[in-house]
Amino acid sequence: MSDAKYFQRGKVQELRSELNSEKKDKQHTKKKTVLKKIVANMTMGNDMSALFPDVINCMQIPVLEIKKMVYLYLIIYSRSKPDMAEKAIPTFIKDAGDQNPLIRALTIRTMGYINVEKIVDALAGPLKRCLKDQDPYVRKTAAITVAKLDLLADSNPTVVANSVAALTEISERSENISLKLNTNMANKLIAALNECTEWGQTYILESLMSYVPQEMGDAEMLCERIAPRLQHANSSVVLTAVKVIMYLMNYMTKEEDINIMCKKLSPPLVTLLSSGPEVQYVALRNILLIIQRRPEVLRNDMKVFFCKYNDPIYVKLAKLEIMFCLANASNVDHVLSELKEYATEVDVDFVRKAVRSIGRLAVKIESTADKCIDALLELIQTKVNYVVQEAIVVIKDIFRKFPNQYESIIGTLCENLDNLDEPEAKSAMIWIIGQYADRIENSEELLDDFLFTFLEEPVEVQLSLLTATVKLFIKKPTAGQALVPKVLKWATEEVDNPDLRDRGYIYWRLLSTDPVAAKNIVLSEKPSITTESDNMEPTLLDELLLHISSLSSIYQKSPQTFIHHCKPRQLTVSPVLNRRYPGQQRKATNLFDADLDDLSSGNLGNYESNPYRADVVNIDERTPENLLLDL
């Protein structure tokens, strides 16, 4: 509050007069007051550059507080007046040898901030001396200014930590410079951990990601020395230690050692979940990555991920993902019981996720499918609109996983057709009707009701209607003969979407040239679906595990997608590197029953050689009306 009086707009001429006053001022109190006014005006956005020569003259005053203000002034205005800034070089060099270590450090830091060529050149000599200064604070400041490798062996841990931070940043930003540590240097850095601040520990642990074990036992030894950091009170230190240990596990040769380290990772990760919701969320997003690679880390800690009534929605959703990943035959009953409770909550997004998780459990763990179906039917009976729609979506997946096992519930589903207003739910119900058209007595009537709004529906629903109508026609020709011509006509003549048009032409060509082939293709046996598609692509997972405790682990995206010029990370080849987890890509095996996602992404297997591709066939003079005559 005592400095508030300085924040008043001052005139440059008046400030210059006060700065150059010849009145006696042995304690430099008046100079200090004027400089405070100048800094205050700079803070308020007023241009004080006209005072440059007058401020430089104050550099000679041997008072730390005055030097701080003068140096701040130089940093701000030296870019616009580089020629005048060069006049400060003699004083800078003198101050770099001052008896006061604070002034020496301040001088080096200031010169490093001023981007003027001659000042940068003049910095080399003083900086070299400061790198070997007796005072650790000066060495630390020099380390931040320019990283020099021999500082990693400095006796002061603070200097080591800041050297590591500077080296790591240089390595990450430079295309030609990479930080590489040998075993000896890695051990020295770990030895400095106990003496460092929490952020210093984070810097050192981060730098260990640049160490590549070359011999058996190297990774195990480092993990044992890093493990005590898992008990640290600072969540950043804990997560960074987890990252390094997960990284080093890739270079462990004995499965027994890996299992021991996995057990050590569990308690600290669980402890993070007792923190505030923000830290919990960060921990949960990182845990989701970890358990996809090492599920044994938290396999026995399912209950800590059960949602609490006062958890924020983003924490609840993150916990649901982890619960599903950790679910297995031994704990699925507890998980299912929790999910049923969550499905009765008031938060719509949370309820939707819970209902969908019940369906995914049925697909993932076959032994619990019956219980999941019963749970979904109970939820459908609630008649809550969004619950019913989510239940129908996941029941479609269960039908695909277990064909011809649960058709008895179709009648219950059909009772809720009027509640469907979301594209995904409509598409799911339409698929069910088309797939079981021969077992649903009034399947043509149900489809006809959906077709009433065909042209107004989203593409996702239109694609489902087109395929379901063709299935109906193949299974029940008499019932479908009135529907298929008009649907093909709409799909090929009255819509703009190329995917829908192409599929319409393909069906048209198939049905008109070879009905037997059409039946074999459209009604071919579909591969059983799995939940493997829910897992992250292995190559991306490998990369994100190298970015634990960073924004990448929160977004679960490669840093190159949101940070410009970010250097990619990947596991470095070594004689002891374990090669596991080969990537597998799921492809649609049937063009006509591929998911919409597969269609839009082009993930359609050997689509280029498909003889029924719309762009390699000539649609002749047949029309939907006389198509029936050909059949």
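Being a predicted model, the structure only gives us computed values, none of them experimental.

Scoring rules and cut-offs
- Residues numbered from 1 in each chain as written.
- Predicted model: local features only at pLDDT ≥ 70, side-chain atom pairs only at ≥ 80, totals over all residues.
- Heavy atoms only, no water.
- Helix = DSSP H or I, 4+ residues; strand = E, 2+ residues; numbered from the N terminus.
- Buried < 20%, exposed > 50% of the residue type's maximum accessible area, 1.4 Å probe, protein only.
- Contact = heavy atoms within 4.5 Å.
- Areas by Shrake-Rupley, 256 points an atom, 1.4 Å probe, with all protein chains shown as cover.
- Lys, Arg positive; Asp, Glu negative; His and termini not counted.
- Charge placed at Lys NZ, Arg CZ, Asp CG, Glu CD.
- Axes fitted to C-alpha atoms, helices over the stretch in contact; angles between N-to-C directions.
- Parallel < 35°, antiparallel > 145°, perpendicular 65-115°, else oblique.
- Nonpolar A, V, L, I, M, F, W, Y, C, P; charged D, E, K, R; others polar.
- Polar contact = N/O pair within 3.5 Å; in protein donor to acceptor, adjacent residues only side chain to side chain.
- Core = buried A, V, L, I, M, F, W, Y, C linked by side-chain atoms within 4.5 Å.
- Domains from an automatic or database assignment.
- Patch = residues over 30% accessible without salt bridge, like charges linked within 9 Å, V, L, I, M, F, W, Y side chains within 5 Å.
- Salt bridge = Lys/Arg side-chain N within 4 Å of Asp/Glu carboxyl O.
- Expected span 1.5 Å × (residues − 1).
- Phe/Tyr/Trp six-rings, centres within 6.5 Å; stacked < 30°, edge-to-face > 60°.

## Here we look at the overall build of the protein chain
Here comes step 1: The helix and strand tally for the protein chain stands at 33 helices and zero strands.
Here comes step 2: On the principal axes, the C-alpha backbone points of the protein chain span a range of 110 × 60 × 50 Å.
Here comes step 3: The proportion of buried residues among the 631 residues of the protein chain is 50%.
Here comes step 4: Here the contacts in the protein chain between residues at least 6 apart in sequence split such that 65% fall between residues at least 24 apart.
Here comes step 5: Of the roughly 31100 Å² of accessible surface on the protein chain, 50% is carried by carbon and sulfur atoms.
Here comes step 6: In the protein chain, 76 side chains carry a positive charge and 85 a negative one; their mean positions are 12 Å apart.

## Quick notes on the packing of helix α25 (residues 459-475) against helix α28 (residues 498-513)
Here comes step 1: Two elements in contact, α25 and α28, have axes whose closest approach is 10 Å; the angle formed by their N-to-C orientations is 10 degrees. Taken together, the axis directions place α25 and α28 in an arrangement best described as roughly parallel. Mapping the contact onto sequence places Q462, L463, L466, T467, V470, F473 and I474 in α25 and D499, L500, R503, G504, Y507 and L511 in α28.
Here comes step 2: Here the residues of the contact of α25 with α28 sort into eight nonpolar, three polar and two charged.

## Details of the side chain of S553
Here comes step 1: Structurally, S553 is set in helix α31 (residues 551-555).
Here comes step 2: In this structure S553 touches R285, N286, L289, H547 and I548, once residues within four positions along its chain are discounted.

## Some remarks on the side chain of N331
Here comes step 1: On the secondary structure map, N331 appears in the loop between α17 (313-326) and α18 (332-342).
Here comes step 2: With relative accessibility at 9%, the residue N331 sits in the buried group.
Here comes step 3: Among the polar contacts made by the side chain of N331, one reaches the main-chain carbonyl oxygen of L326 at a distance of 3.3 Å.

## Examining the nonpolar core
Here comes step 1: F399 and M429 are the most contacted members of the largest nonpolar core, which totals 153 residues.
Here comes step 2: The greatest single-element share of this core, amounting to 11 residues, is contributed by helix α14 (residues 235-249).
Here comes step 3: Viewed by domain, this core spans two of them, domain 2 (427-535) and domain 3 (540-581), each represented by three or more residues.
Here comes step 4: Excluding residues that lie within four positions of it along the chain, F399 makes contacts with Y406, I409, I410, L413, W431, I432 and Y436.

## With respect to the domain arrangement of the protein chain
Here comes step 1: Its domain assignment divides the protein chain into domain 1 (3-150), domain 2 (427-535) and domain 3 (540-581).
Here comes step 2: Placing the centre of domain 1 and that of domain 3 at their C-alpha centroids yields a distance of 42 Å.

## A few points about a negative patch on the surface
Here comes step 1: A cluster of acidic residues, E341, E345, D347 and D349, forms a negative patch at the surface.
Here comes step 2: Mapped onto the elements, D349 comes out in helix α19 (residues 348-364).
Here comes step 3: Since its relative accessible area comes to 49%, D349 is described here as partly exposed.

## Here we look at the environment of G434
Here comes step 1: Checked against the element boundaries, G434 lands in helix α23 (residues 423-435).
Here comes step 2: Taking the C-alpha atoms as reference, G434 lies 15 Å from N520; in sequence the two are 86 residues apart.
Here comes step 3: When near neighbours in sequence (up to four residues on either side) are disregarded, G434 contacts A468, K471 and K475.

## Looking at α23
An α-helix turns once every 3.6 residues. As a result, residues three or four positions apart point the same way.
Here comes step 1: The terminal C-alpha atoms of α23 lie 18 Å apart, and with 13 residues this matches the ideal 18 Å at 1.5 Å per residue to within 8%.
Here comes step 2: For α23, the tally of buried residues reaches 10 of 13 residues, placing the bulk of the element in the interior.
Here comes step 3: Looking at α23, one finds that the buried residues are A425, K426, S427, A428, M429, I430, W431, I432, I433 and G434.

## Overview of the packing of aromatic side chains
Here comes step 1: According to the stated counting rule, one finds 11 aromatic pairs in the structure shown.
Here comes step 2: Ring centres 5.7 Å apart and planes at 65 degrees place the aromatic pair F52 and Y73 in the edge-to-face group. On the criterion of sequence distance, the pair formed by F52 in helix α3 (residues 52-56) and Y73 in helix α4 (residues 64-77) is long-range, its members being 21 residues apart.
Here comes step 3: When its relative accessible area of 0% is taken as the criterion, F52 is described as buried.
Here comes step 4: A ring pair is formed by Y73 and Y77, whose centres lie 4.8 Å apart and whose planes are at 55 degrees; its orientation type is tilted.

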